[in-house]
Amino acid sequence: MGFRLFDARLTTGFGAALAGGLAHVATEDPVLVIGAASIGAIATAFLAIRAPSGTSPSLSIAEPPAPSDAPHPGGLAPGQGRALLEHLPMGVMLIDRRGTIIFANHHAGEIFGGAGLLEHPFSILRSPKLVDAIEGCLYGAPSSTVEFARPRVLDIHMRAHVLVLEPDDPDLPDERDAAVLVVVEDVTALHRTLALHRDFIANASHELKTPLSSITGIIQTVLGHARDDPQATERFLGMMASQTDRMRRLVEDLLSLNRIELNERIAPRDPQSVMTIVAEVADALQQAAEDQGMNLTMVPPTDPKVMLSQVRGDREELAQVFRNLVENAIKYGLTGTEVAITTRRDGEEHPGMIGVSVRDHGHGIAREHLPRLTERFYRVSVSRSREKGGTGLGLAIVKHILNRHRGELEIESAEGEGSTFTVWLPIFEAEAVTGAKAGTKTRTNQADAA
Ligand code: ADP
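Residues numbered from 1 in each chain as written. Predicted model: local features only at pLDDT ≥ 70, side-chain atom pairs only at ≥ 80, totals over all residues. Heavy atoms only, no water.

**Q** Whenever I open this one, empty space enclosed by the protein confuses me. Can you help?
**A** Unoccupied space between atoms shows up once a probe the size of one water molecule is rolled over them. What the rule picks out here adds up to 1 cavity of 30 Å³ or more. Lining the largest cavity are Glu 207, Arg 246, Arg 249, Leu 250, Arg 379, Arg 386, Gly 390 and Thr 391. Among the elements that take part in the lining of the largest cavity, helix α7 (residues 230–263) stands out by supplying 3 residues, more than any other. Taken together, the residues of the lining of the largest cavity break down into 1 nonpolar, 2 polar and 5 charged. (1 Å grid on protein atoms, 1.4 Å probe; cavity = no way out; pocket = protein on both sides within 12 Å on 5 of 7 lines; lining within 4 Å. Points joined across faces, edges and corners; volume = space filled by probe spheres on them. Helix = DSSP H or I, 4+ residues; strand = E, 2+ residues; numbered from the N terminus. Nonpolar A, V, L, I, M, F, W, Y, C, P; charged D, E, K, R; others polar.)

**Q** I would appreciate a short explanation of the packing of aromatic side chains in the present structure.
**A** Centre-to-centre distance and the angle between the planes together describe a pair of aromatic rings. According to the stated counting rule, one finds 2 aromatic pairs in the structure shown. In this structure, Arg 376 packs its charged tip against the face of Phe 200, placed 4.7 Å from the ring centre. (Phe/Tyr/Trp six-rings, centres within 6.5 Å; stacked < 30°, edge-to-face > 60°. Lys NZ or Arg CZ within 6 Å of the ring centre and 35° of its normal.)

**Q** Is there a simple way to think about the environment of Val 162 in this case?
**A** Within the element layout of this structure, Val 162 appears in strand β5 (residues 153–164). Relative accessible area serves as the criterion here: at 0%, Val 162 is assigned to the buried category. For the pair formed by Val 162 and Ser 144, sequence separation is 18 residues and the distance between their alpha carbons is 5.3 Å. With residues near it in sequence (within four places) discarded, Val 162 still touches Leu 130, Ala 133, Ile 134, Cys 137, Ser 143, Ser 144, Val 180, Leu 181 and Val 182. (Buried < 20%, exposed > 50% of the residue type's maximum accessible area, 1.4 Å probe, protein only. Contact = heavy atoms within 4.5 Å.)

**Q** Is there a simple way to explain the packing of helix α8 (residues 274–291) against helix α10 (residues 315–332) in this structure?
**A** Between two packed helices, what matters for the description is the angle formed by their axes and the separation of those axes. Orientation of α8 relative to α10, taken along the N-to-C sense of each, is 40 degrees, at an axis distance of 9 Å. Between α8 and α10, the crossing angle belongs to the class labelled oblique. Classified by chirality, the crossing of α10 by α8 is right-handed. Across the interface between the two elements, Val 274, Thr 276, Ile 277, Val 278, Glu 280, Val 281, Leu 285, Ala 288 and Ala 289 from α8 touch Arg 315, Leu 318, Ala 319, Phe 322, Arg 323, Val 326, Glu 327 and Ile 330 from α10. Of the residues contributing to the contact of α8 with α10, the split by class is 12 nonpolar, 1 polar and 4 charged. (Axes fitted to C-alpha atoms, helices over the stretch in contact; angles between N-to-C directions. Parallel < 35°, antiparallel > 145°, perpendicular 65-115°, else oblique. Left-handed = near helix turned anticlockwise from the far one by under 90°.)

**Q** Sorry if this is basic, but what is going on with the pairing of strand β7 (residues 178–186) here?
**A** Remark: a regular strand shows side chains that alternate across the two faces of the sheet. With respect to burial, β7 is a largely interior element, 8 of its 9 residues being buried. Where strand β2 (residues 91–96) lies against β7, 6 bridges are found, and the strand directions are antiparallel. What sits directly across from Met 93, in β7, is Val 182. Here β5 pairs with β7 via 7 bridges, running antiparallel. Bridge pairing in β7 links Val 162 to Val 182. (Pairing = 2+ DSSP bridges.)

**Q** Sorry, what's going on with the site of the ligand here?
**A** Near the ligand there are 18 residues, and of these Tyr 332, Asp 360, Ser 385, Thr 391 and Leu 395 occur at the shortest range. Between an oxygen atom of the ligand and a side-chain N or O atom of Ser 385, the distance comes to 2.6 Å. For the ligand, an oxygen atom lies 2.8 Å from a polar atom in the backbone of Leu 395. Calculation on the ligand without its partners gives an accessible area of 530 Å², and the protein chains cover 96% of this total. Of all the cavities here, the one that holds the ligand is the largest pocket. Elements that contribute at least two residues to the shell around the ligand include exactly α10, α12 (394–404) and β14 (418–426). A breakdown of the residues in the shell around the ligand according to their chemical character gives 8 nonpolar, 7 polar and 3 charged. (Near = heavy atom within 4 Å. Polar contact = N/O pair within 3.5 Å; in protein donor to acceptor, adjacent residues only side chain to side chain. Areas by Shrake-Rupley, 256 points an atom, 1.4 Å probe, with all protein chains shown as cover. Sits in = over half its atoms within 2 Å of the grid points.)

**Q** How should I be thinking about helix α5 (residues 128–138) in this particular structure?
**A** All of the buried residues in α5 are Leu 130, Val 131, Ala 133, Ile 134 and Cys 137. Buried positions in α5, seen along its axis, are confined to an arc of 160 degrees and lie on one side of it. With respect to the buried face of α5, the exposed residues turned more than 90 degrees away are Pro 128, Lys 129 and Asp 132. Where the residues of α5 are buried, they touch β2, β4 (144–150), β5 and β7. A positive phi of about 105 degrees marks Gly 140, the residue just after α5. (Arc of directions from axis to C-beta.)

**Q** Before we go on, may I ask you to explain the layout of surface pockets in this structure?
**A** Quantified by volume, the largest pocket comes out at close to 990 Å³. Lining the largest pocket we find 40 residues, and of these Glu 327, Asn 328, Lys 331, Tyr 332 and Gly 390 sit closest to its centre. At the level of elements, α7, α8, α10, α11 (382–387), α12 and β14 are the ones that each hand at least two residues to the lining of the largest pocket. Ranked by the residues each element gives to the lining of the largest pocket, the list is headed by α10, at 10 residues.

**Q** Would you explain the environment of Ala 226 in this entry?
**A** By the element assignment, Ala 226 lies in the loop between α6 (188–223) and α7. Through-space distance from the C-alpha of Ala 226 to that of Phe 236 is 9.0 Å; in sequence the pair is 10 residues apart. When neighbours within four sequence positions are excluded, Ala 226 is seen to be in contact with Thr 221, Ala 232, Thr 233 and Phe 236.

Nothing here speaks to function; it is all geometry.
In structure tokens, the structure reads:
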């Protein structure tokens, strides 16, 4: 009562072929390709550990071969098959010709609500799409893949590969032969990623369309009733220049974000002096602060070791982090107030790290916005951001650069009291405390950010 998947006799060949086939279906998505490869591996494992004919059907996957001289050339020792299938992070089930579930691993039990799947009809599975697909396979339909929401948990997305098995001996079919193999994987993360991509493209297109529409309108006006009015034409050309400038900034930020994300997993190695980079940024933005009637100051550190602190970093990326924060402080600060840059190291919660804070005295940010500030295109007030020349990408860029540098961003703000954005970076020095916390955590004084 063994079984085989169609005519594939060469187990590794079949696994690879199935993986390849599924990968082909998923050509446009690397995550799907990885998923497909896993399914291929499971099929290979099934075939590799398939029981000798004559064993009990419910144990047909994992029954340890009785004879002590049984070889296990593929490296799987007797009994390892069941353990392997039980621990797979995917639901695996076998259905016999009568439609009875004759094998279900632990994960399948979790997905379909309980350990009591064995010896029940497959209709217990509570997903109409999956039930239809299994039924189809039992009545001669080919293998298929279906997606469905996890029973009773609607925002969890599952994908099931429902694969037809053939009996070893088609002339002597037995109703207890395994007829259908079901492999179920959780594709919720993939769904979320795709949704994020869709939102991102929609947002980016919208951001570009708005200035483009303005420019189109201005051109029509200049060519129309303002044609003979040099003063109006000049004014309209000025408006066009500011709209194209907005588009340029947006494209630059999008390219920047893309470049940073591509390198995000490659930690920079070059030692950099944080104080030098911060001082250069402060110098470069002095004029911008003065233009807004603001005073930009760099407060000398109280701890002399701060001056010498180095981090492993990409100089241009670190400069971009500080530039974005200081530019925001100038944009959202108030005329006549001060923007102060302070530095310290080894904060209570950040041993082995250097912290650079940018403090402004603007309107501050209400608590509910804090956790979302580093999302792309998230703005407390879209009109205010646009009016100030913002793209909504500055803090997203900061977050990704800090991810790459194993740094953190801390945001403290309260309405009417201004804001402090603090960047923490692991210090690179002989005496530095190693093992500083990795990853970017946007923290606030009121609530931990997501
Ligand atoms: P933008 O280009 O809109 O400034 P950012 O990603 O840099 O985009 O910032 C996201 C939003 O966070 C801004 O639109 C603004 O609402 C808010 N924000 C950032 N920095 C400050 C600040 N220093 N004070 C007040 N609000 C700020």
